[in-house]
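Tertiary structure, described
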Amino acid sequence: MSDRWNIDFMDQMPISVVPTGGSSATTPDGKQGESGLDIPEELAILPLRGVVLYPMTALPLTVGQPRSIQLVDEAVLKRQMIGLVATKSEEVEEPGPDDVYRVGTVAVVHRLRKAPDGTILLFVQGMERIRIVEFTQTQPYLKARVEPIPDAVEDSIELEALSRNILDLFRRLVNLVPHIPDEMMMMIMNIEDPRQLAYLIATSLRMNITDAQEVLELDDVRDKLRKLTSILTRELEVLELGKKIQSEAQSEMEKVQREYFLREQLKAIKRELGEEDEQALELEEYRRKIEESGMPEEARKEALRELSRMEKMPTAAAEYSVIKTYLDWMTSLPWNKVTEDNLDIARARQILDEDHYDLEDVKERILEYLAVRRLRQERAEEREAESEHLTDYIRREREGVILCFVGPPGTGKTSLGQSIARALGRKFVRMSLGGIRDEAEIRGFRRTYVGSMPGRIIQALRRAESRNPVFMLDEVDKIGADWRGDPSSALLEVLDPEQNRDFRDHYLDVPFDLSQVMFITTANLLDPIPAPLRDRMEILTLDGYTEEEKIKIAQQYLLPRQIRENGLRQDEVQLTEGAIRRVVREYTREAGVRNLERELGSICRKIATKIAEEGEGAGPTLVTEEDIPQYLGKPKYYPEVAERTEIPGVATGLVVTAVGGDITFIEATKMKGKQGLILTGQLGDVMRESAQAALSYVRSKAHEFGIDENAFIENDIHIHVPAGAVPKDGPSAGVTMATALASLFTGRPVDPHVAMTGEITLRGQVLPVGGIKQKVLAAARAGLRTVILPKRNEADLEDIPPEVREKLNFILADHVDQVIQHALLDGTERRSEQ
């Protein structure tokens, strides 16, 4: 087979073969074809890849496959004809009978030359069309029984018209395609045989293999000419469109050059007349904006220096547009634009209460800020009367506030920033830091880079059109870092009251005063925030809401908003307090209220659907506690503590996660072994050490707990903390692990209504831990009755809402023995307590 046919019609022009000895003759026995040509009944078949050979034409071919070389050698040696057929796919390396078309061309090899690389260069002449009847051989090369299929040529006016039309089209093609020589056109113009004309033009065109094969397989010459006319017409449309595009592009280039020369001449004329040109007007406009922007002296000098460079450049210079963009940024920043604070404390308190329930600590901090601003403003005149040194010192006092709201999702951190801006009468801008890995996102890109621009801090201030907005930096605990820099380090300057007065963006390269901006950051956890960055912010914790608080929030904020957003009126939907309470208990388990709002929205949408179907006559809908499953389906959360702790070796612990407080189960079991300790559940190093400390303590107190000391020697111990896919770490599970081990070896189950937290030492002391409020709220959500806490966390109970303290029984322990005493059940009380 032909290895790869490198045929270039620009260099290898198809050669017309004029029949000798008469016209086409067709015989019924298939022995004769064109001009009385004797075609053997069986021919060697050479598949062609990517090319079709037509009768009455000649083409150069390259043969590289071993079996194709053998075929050619034998055919030339015996002076035999060969059949050339096209392959259906160029991807097949050794085509078989099913991979080639059934119609091809019988050909004679006129020239043969072997190349140094082993390939053979052929020059073959097509004689007549043939159809493969059946294949008689596949190895070492293809052979088949064939029959000639001469073309049907019937002289008619239609045939003459088609011939003339295709000649006209081909003449237009030659004018558009430079690689077709004029000699080819002269040769085609002198051809009178329509059949030969069709084949020669088909060989000259660039067609895909499917169209080329279709031309060969058409029996009537008129059909061949119609097909070629269609292909030529489409090719001409493409070429003429390309020529038009090229001409337009050339004209546009000439137009630009012409405009440039005309503008230069216009400038010279205006200079002679003493008139200013457009560039001078633009430069003067920038100069005016710089003077009116109120930028500091250093920024003003830099802007004027860049303007001076711009004056000396032609407008077509690449640097001209770069400087123009820089000056646009410099003159559009709010250098001296501020919004006046509304210092009415009573109004601010009202706005904060309207938008958010509870959150008293945060609200008090905002009101304190307003009170300080008000006092400073009232005493400004007194301070101005003092010495110049003191006045200069007062001018340098810090004015901005940098707060950090830390809490689980859905507790209102982001929306609280908007309420603060509304209460203060300031602009509000928000910037999400989650996933940012490039330090240039904060500080901007240097002007040496193409397409550089300021950082997102400067961009946000430009959009706000004020230099003292409330600027919220969301998800500060989710900043990444890689080889491009550490954005958290870039934030150190932004969030430092002593440094942000002279914040220098890489793009502007001049200081910008951020001291009057009220920065508010939000985070779910404090631990991922780098210590230097955490030290620059005032931390305000927004813990999860209690059940009663969620009900109040739903009644006052969430439900009215969902009724409004779903196109309902307030009098069309009513949810009883019991219904909301059931949604909170059985369909959501979260520290915030985000999922609660989704469930209430689902109820409102179903009511809206009902009203839309039944019309306004449906009347108001009252949703009671019993109706909730009809709207939300079966409950999603069930009490599972009693079931999980029924077997000895399972204790309930309290943890703090990114979504608030939660309960977890510490499971311990034993099996025959040799004192092995297996820890699973993706535990961190600190938690693994807590497990080892708990085991060591229980072993040391085995006699007091009534445990056989050989039980530790003869068994392996496995401690598992579900869920296994979630990484866990921290020391607060120490007492829970010790309790689970004591329960396992004593055979006494843990009280299903008890949860605990605390760090353990080898001496059995219970050390204080953090997140007490969130853990206690999680215990209350889970329906537990007793919470065991470290004695030294007693002061943290003051943060617990009163309604939660009344529901729970708190046991303050300073030793693990006290924890185990209150947590484990005796055999007699195991069922009665449940």
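Residues numbered from 1 in each chain as written. Predicted model: local features only at pLDDT ≥ 70, side-chain atom pairs only at ≥ 80, totals over all residues. Heavy atoms only, no water.

1. Some points on the overall build of the chain
When its secondary structure is counted, the chain shows 30 helices and 25 strands. Within the span of the chain, comprising 834 residues, buried residues form 47% of the whole. Partitioning the intrachain contacts of the chain with sequence separation of at least 6 by distance along the chain shows that 74% fall at a separation of at least 24. Accessible surface, the chain as shown: approximately 42000 Å² in total, 47% of it carbon and sulfur. (Helix = DSSP H or I, 4+ residues; strand = E, 2+ residues; numbered from the N terminus. Buried < 20%, exposed > 50% of the residue type's maximum accessible area, 1.4 Å probe, protein only. Contact = heavy atoms within 4.5 Å. Areas by Shrake-Rupley, 256 points an atom, 1.4 Å probe, with all protein chains shown as cover.)

2. Some remarks on the pairing of strand β4 (residues 82-86)
The element β4 is extensively covered by neighbouring structure, given that five of its five residues are classed as buried. Residues of β4 alternate between two faces, with Ile 82, Leu 84 and Ala 86 on one and Gly 83 and Val 85 on the opposite face, all of them buried. Here strand β2 (residues 42-48) pairs with β4 via five bridges, running parallel. Paired with Leu 46 across the strands is Leu 84, a residue of β4. In this structure, β4 lies alongside strand β5 (residues 103-114), joined through three bridges in antiparallel fashion. Paired with Leu 84 across the bridge in β5 is Thr 105. (Pairing = 2+ DSSP bridges.)

3. Considering the pattern of salt bridges
Counting across every chain of the model gives 53 salt bridges. A salt bridge links Asp 220 to Arg 222; its shortest N-O distance comes to 2.9 Å. For the pair formed by Asp 220 and Arg 222, the shared burial category is buried. When the shortest N-O distance is used, the salt bridge between Lys 636 and Glu 599 registers 2.8 Å. On the criterion of sequence distance, the pair formed by Lys 636 in the loop between α22 (628-632) and α23 (641-644) and Glu 599 in helix α21 (residues 594-614) is long-range, its members being 37 residues apart. Under the relative-accessibility criterion, Glu 599 is labelled buried at 11%. (Salt bridge = Lys/Arg side-chain N within 4 Å of Asp/Glu carboxyl O.)

4. Regarding the sheet that holds strand β10 (residues 470-474)
Backbone hydrogen bonds hold the strands of a sheet together, and the pairing may be parallel or antiparallel. The strand order β9-β10-β13-β8-β14 describes an open sheet built from five strands, whose pairing is parallel. The open sheet has two edge strands, β9 (428-432) and β14 (538-541), and neither has a second partner. Across the sheet, the mean angle from the axis of one strand to that of its neighbour is 20°, orientation sign disregarded. Packing of helix α14 (residues 413-424) onto the sheet brings it into contact with β8 (402-406), β9, β10 and β13 (518-523), and relative to β10 it is tilted by some 175°. (Axes fitted to C-alpha atoms, helices over the stretch in contact; angles between N-to-C directions.)

5. So, helix α10 (residues 345-355)
One turn of an α-helix holds 3.6 residues; hence residues three or four places apart share an orientation. For α10, the complete set of buried residues consists of Ala 348, Ile 351 and Leu 352. Seen end-on, α10 carries its buried residues on one side only, within an arc spanning 95°. Those residues of α10 that are buried lie in contact with α11 (360-378) and α14. If you check the start of α10, you find a side-chain oxygen 3.2 Å away from the backbone N of Ala 346, and it comes from Asp 344. (Arc of directions from axis to C-beta. Polar contact = N/O pair within 3.5 Å; in protein donor to acceptor, adjacent residues only side chain to side chain.)

6. Concerning the pairing of strand β6 (residues 120-137)
Across six bridges, the pairing between strand β3 (residues 57-63) and β6 is antiparallel. The residue bridging Leu 61 from the neighbouring strand is Leu 122, located in β6. Where β5 meets β6, 11 bridges bridge the pair, whose relative direction is antiparallel. If you follow Arg 113 over to β6, its bridge partner there is Leu 121. As paired strands, β6 and strand β7 (residues 142-148) are joined by six bridges and run antiparallel to one another. Bridging across to β7, Gln 137 finds its partner in Lys 143. In sequence, β6 turns back onto β7 through a hairpin of four residues.

7. A look at the packing of helix α27 (residues 734-746) against helix α30 (residues 816-823)
Two elements in contact, α27 and α30, have axes whose closest approach is 10 Å; the angle formed by their N-to-C orientations is 55°. Relative to α30, the element α27 is oriented oblique. Both α27 and α30 take part in a crossing whose hand is right-handed. Facing α27, whose interface residues are Ala 738, Thr 739 and Ala 742, α30 presents Val 816, Val 819, Ile 820 and Ala 823. In terms of residue class, the contact of α27 with α30 is built from six nonpolar, one polar and no charged. (Parallel < 35°, antiparallel > 145°, perpendicular 65-115°, else oblique. Left-handed = near helix turned anticlockwise from the far one by under 90°. Nonpolar A, V, L, I, M, F, W, Y, C, P; charged D, E, K, R; others polar.)

8. Quick notes on the confidence of the model for the chain
Looking at the chain, pLDDT values average 82 and 89% of them are 70 or higher. Overall, residues 1-35 carries pLDDT values under 50, and its contacts beyond four positions in sequence, including any with other chains, amount to 95 contacts. (pLDDT = per-residue confidence, 0-100.)

9. Topic: the packing of aromatic side chains
The final tally for this structure, using the stated rule, is five aromatic pairs. With centroids separated by 5.0 Å and ring planes inclined at 50°, the aromatic side chains of Trp 335 and Phe 512 adopt a geometry described as tilted. Of this pair, Trp 335 sits in the loop between α9 (318-332) and α10 while Phe 512 sits in strand β12 (residues 511-512), and the two are 177 residues apart along the sequence. Looking at Phe 512, the relative accessible area reads 2%, which means it is buried. Taking the centre distance of 4.4 Å and the plane angle of 35° together, the rings of Phe 712 and Phe 745 count as tilted. In this pair, Phe 712 is assigned in helix α26 (residues 710-714) and Phe 745 in helix α27, connecting sequence segments 33 residues apart. With respect to burial, Phe 712 and Phe 745 carry one shared label: buried. A cation sits over an aromatic face here: Arg 111 above Phe 123, 5.0 Å from the ring centre. The positively charged end of Arg 462 is found above the aromatic ring belonging to Trp 329, 4.0 Å away from the centroid. (Phe/Tyr/Trp six-rings, centres within 6.5 Å; stacked < 30°, edge-to-face > 60°. Lys NZ or Arg CZ within 6 Å of the ring centre and 35° of its normal.)

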